[in-house]
Amino acid sequence: MSMNGAKLQVKDYCLYYGQFQALCSVDIKIPANEITAIIGPSGCGKSTFLRTFNRMNDLIPGVRVDGEVLMDGADLFGMDQVELRRYVGMVFQRPNPFPKSIFDNVAYGPRVNGITDRGQLGEIVERSLRRAAIWDEVKDDLGKSALALSGGQQQRVCIARALAVQPEVILMDEPASALDPIATLRIEELIQQLKEDYTIVIVTHNMQQAARASDFTAFFMMNEDRGGYLVEYGPTKSLFTNPKHKQTEDYITGRFG
Amino acid sequence: MAREASIRQIGVRLSGGAQKSNIAQRHVIQQLAFALMWLAAILTVVVLLLVVGYVLVEGARVVDWEFLATPPRGGLSAEGGISTTLVTTVYLVLLTAAIAAPLGIGAAIYLVEYAGEGQGTSGLTAFLVSVARFGVELLAGVPSIIFGLFGYALFVVTLNALTGGFSLLSASLAGACLVLPVIIRASEEALRAVPRAYREGSLALGATKWQTIWQVVLPAAAPGIITGIVLSVGRIVSETAVFFVTLGGSHHAPQSIKQGGRTMALHVYYLAMDTRAFEKAMGTGAILIVTIVMINLAINLISRRLTAGLKGR
Amino acid sequence: MRKFVDRGVQYVLFLSAMGAIFIVFLILFFTARESIQAFREIGMADLLIGTVWRPGQGSFGILAMIIGSVLVTLGAIILGLPLAVGGAIFLAEVAPNWMREIVRPALELLAGIPSVVYGLFGMVVLVPLVRQIPASRNTGFGLLSASMVLAVMILPTITNIAEDAIRAVPRQYKEGSLALGATHWQTIVRVIIPAARSGIVAAIILGVGRALGETMAMIMVIGNSVIVPQPLNDNPLTIVLSQARTLTGNIAVEIAYATGLHESAIFATGVVLFVLIIIVNSSARLLMRGEAT
């Protein structure tokens, strides 16, 4: 894998919840404008690792980190947390639109960043909803409560919401696991379209999804002390057809969960 | 600095670099807002310290053994202590609890064990029960002066012959109405918290419903029920309005339940308003506060025993 | 035999449960009965809108008391609300654990202090302070002193319920907002508080109910003059220095020596108070139930 085009770079990264080491010495380079999937058995720290990139782990009291995480060469932990989260967006496992209208949901990000002009907001909302492939379904009633939409629609509104602040990286924590198969497929198609303009990192427990939808895959495992570590990382095609480590092979072929 | 550089590096690519970040402004607003929140919290604590501190400090000057052991001289005189008021308060608490506790606990037992979920009551009974529940809610919201007014009309005036007019009995009856919702609510909660398994186990061994309640459910719910009773004791000690119009204002200790008197709380009022003996009022107030604090501590201790018991010690 | 006891006990307990309805019924019946004479002879209109309360001369208008109660409650809300809501937000979102351990018990203690002690403190400390304000006829007793005391008394009620409402807001909203690059404070203002709105309003309404029902502390600091509160001089702000009387105070102060029509009018005051508080408490309960669905 080439050094160029590394959007996110992680060097010797460890994370501790108090005394417990949740992530151990992770080294990885995540390329720009590609879809990187993170897979592994449950409890191995995939979500925790994902949340590193927008520093959502900082919300948990007693959390400590070691090592370096860089974005475009700049130290993530030296940046202003709040600003960082504008550039690194997140879509959650369970769709979590605010109890507000669709318009207000998508306009939320721009508004907190200081955009108040109605016209400007309207443009941003439309652009984001189009990008999230849901504009046609909601354009007639943007004032409707976002909670009145179906699960799949809510998730796409959440994606639009994240897009509205024009991030560079989008983190997705099992974005389709709470949705039915058809909605899931639409989300996967959407992700494929989005990679043109954004770097996407997606955590998934669904291996088929990782295999068909991502460009690169990182496989994490849990050690005896229940800490997570990176086993193997590479282009999806080669990791799935020709894994370098036995553990990877075992996991992919389903020999353990 | 390095931090500014990092943000700029990223920001450069964004929307043609035209969007100026308002991040500094937002941080300042947050700091200001949080400072105000801290102020609110600190002010609350300060107010408490002010009120309690003042009363305790001023009151401590007056309180000594003599204060506690001598009766007040009465009339407009500020002489004497508060011994009779202490006695009256205790009598009142005991009598009111004796009236309200059985009634309240009994009501709670019925509402939970006989009319609760899965009991299959229907028709008239179910209707009456829902009215009763509504009644308890209503009672809980009635201000104490209304209880006083009602107590005056019914117990002091109408049933004068039975109660002796302004008396311990009238006051206890009115006070019992006041604390009934407290006891019912606490007991209901305590009974509901008892695991179903206990009841089913007892019934499966051939015990009747009442035997189950008496020997299994009630002992298990005891801490919670006791909490309710202690809560109402606290209520009775600090309540004034109800007893103001039902107890009369005599500074003597009542010799029977058909005689009146004054509680410590009422004594504070009379000392302040009629006699203008503010130091003694502070002293009585200080004793009141100490009593309430001890009652609160008792409640906390019982609650802790309660949660320990539920978790299997 | 056991079965017999069982059934017997069931009936006894049933009667206990019905005791609550019985008492409510009794209260309503007696208060209504005693007040009927007043409503019939004085008339609802004169009673409620009349501003003159002079029982000796046959005038029984309680408007002055209604206004007194409303104004002192308003004052208490104005003074206490910022502290209460600020405190609630603080406890739910901003406070470090050790601070929570101090403020929560403080609130509990404040809630437990008997109202006469508050009244006493008001008389001894606040009233002389307020008297310092230069205005003729300012005795220190009046709306300002009473509002201050009342504000402290309803503070724990509002803070507790508001804090619960804020805590009840689902965590996902907070996470979603932060993940979009909003500051903690922006999240509180734009997402959490709006989501907790009906709970907070219910807290305020319950505080209002508590304020309307307070008796002893009010009698001790509000002056008890039966006048419609007016400014003391040209400055309209001095209305806060005016003495007043609350509905509750009217009842407590006069019931012991009132007879006949006078006594009936006092009961009528009680009915008005009762109705007022029922409306207030019901709306609070409706709001809280609406939020839960």
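Each chain has its residues counted from 1, running along the sequence as written. Think of it this way: whatever chain is written first is A, whatever ligand is written first is 1, and the rest follow in order. Restriction of local features to residues with pLDDT of at least 70 applies here, the model being predicted, together with a cutoff of 80 or more for giving and counting side-chain atom pairs; totals for whole chains, interfaces and linings are based on all residues.

Caption draft 1: Spatial organisation of the pairing of strand β9 (residues 216-222) of chain A. Residues and elements named next belong to chain A. Backbone-placed C-beta atoms define the burial measure: a residue is buried with 20 or more other C-beta atoms within 10 Å of its own, exposed with 12 or fewer, and partly exposed in between. Each helix corresponds to a stretch of at least 4 residues labelled H or I by DSSP, and each strand to a stretch of at least 2 residues labelled E; elements are numbered beginning at the N terminus. Within β9, six of the seven residues are buried, leaving the element largely enclosed by the surrounding structure. DSSP-based pairing: two strands are paired if at least 2 bridges between them are found. Here strand β3 (residues 35-39) pairs with β9 via four bridges, running parallel. Within β9, the position partnered with Ala37 by the bridge is Thr217. Looking at chain direction, β9 and strand β10 (residues 228-235) are connected through seven bridges and run antiparallel. Counted as the bridge partner of Met222 is Gly228 from β10. Between the antiparallel neighbours β9 and β10 lie five residues, among them Arg226 with a positive phi of about 65°.

Caption draft 2: Quick peek at the environment of Tyr108 of chain A. By the secondary structure assignment, Tyr108 of chain A is in helix α3 (residues 102-112). Residue Tyr108 of chain A is classed as buried on the basis of its C-beta count, with 24 C-beta atoms lying within 10 Å. Taking the C-alpha atoms as reference, Tyr108 of chain A lies 26 Å from Leu8 of chain A; in sequence the two are 100 residues apart. Contact between two residues is assigned when their C-beta atoms, built from the backbone, lie within 7 Å. Among residues more than four places away in sequence, those in contact with Tyr108 of chain A are Phe98 and Arg161 of chain A together with Leu180 of chain C.

Caption draft 3: Geometry of the nonpolar core. Within the largest apolar cluster, 269 residues are counted, with the highest numbers of intra-cluster contacts made by Leu180 and Val268 of chain B together with Val221 of chain C. Apart from residues lying up to four places away in sequence, Val268 of chain B is in contact with Ala281, Thr284, Gly285 and Leu288 of chain B together with Val116, Val117 and Leu120 of chain C. Core membership is restricted to buried Ala, Val, Leu, Ile, Met, Phe, Trp, Tyr and Cys residues, and these are joined into a nonpolar core through C-beta atoms within 7 Å.

Caption draft 4: Up close: the confidence of the model for chain C. Each residue carries a pLDDT score, the predictor's own confidence in it, on a scale running from 0 to 100. In the predicted model, chain C carries a mean pLDDT of 89, and 99% of its residues have values of at least 70. Taken over the whole predicted complex, pTM reads 0.86, whereas the ipTM for its chain interfaces reads 0.89.

Caption draft 5: How the structure looks around the interface of chain B and chain C. Contacts between the two partners involve 70 residues from chain B, matched on the other side by 71 residues from chain C. Ranked by the residues each element gives to the side of chain B that touches chain C, the list is headed by helix α2 (residues 23-62) of chain B, at 20 residues. Residue classes in the side of chain B that touches chain C are distributed as 55 nonpolar, 13 polar and two charged. In this count, Pro and Cys sit with the nonpolar residues alongside Ala, Val, Leu, Ile, Met, Phe, Trp and Tyr, while Asp, Glu, Lys and Arg are called charged and the others, Gly among them, polar.

Caption draft 6: Main features of helix α7 (residues 181-194) of chain A. Residues and elements named next belong to chain A. Taking 1.5 Å of rise per residue, the 14 residues of α7 would be expected to cover 20 Å, and the 20 Å separating its terminal C-alpha atoms lies within 8% of that figure. Looking only at α7, the buried set comprises Ile187, Ile191 and Leu194. Along the axis of α7, the buried residues cluster in a sector spanning 60°; they form a single face. Exposed residues lying more than 90 degrees from the buried face of α7 are Pro181, Ile182, Glu189 and Gln193. Lining the buried residues of α7 we find β3, α6 (151-163), β7 (169-173), β8 (199-203) and α8 (207-213). The length a helix should cover is 1.5 Å for every residue beyond the first. Note that the arc is defined by the directions from the helix axis to the C-beta atoms.

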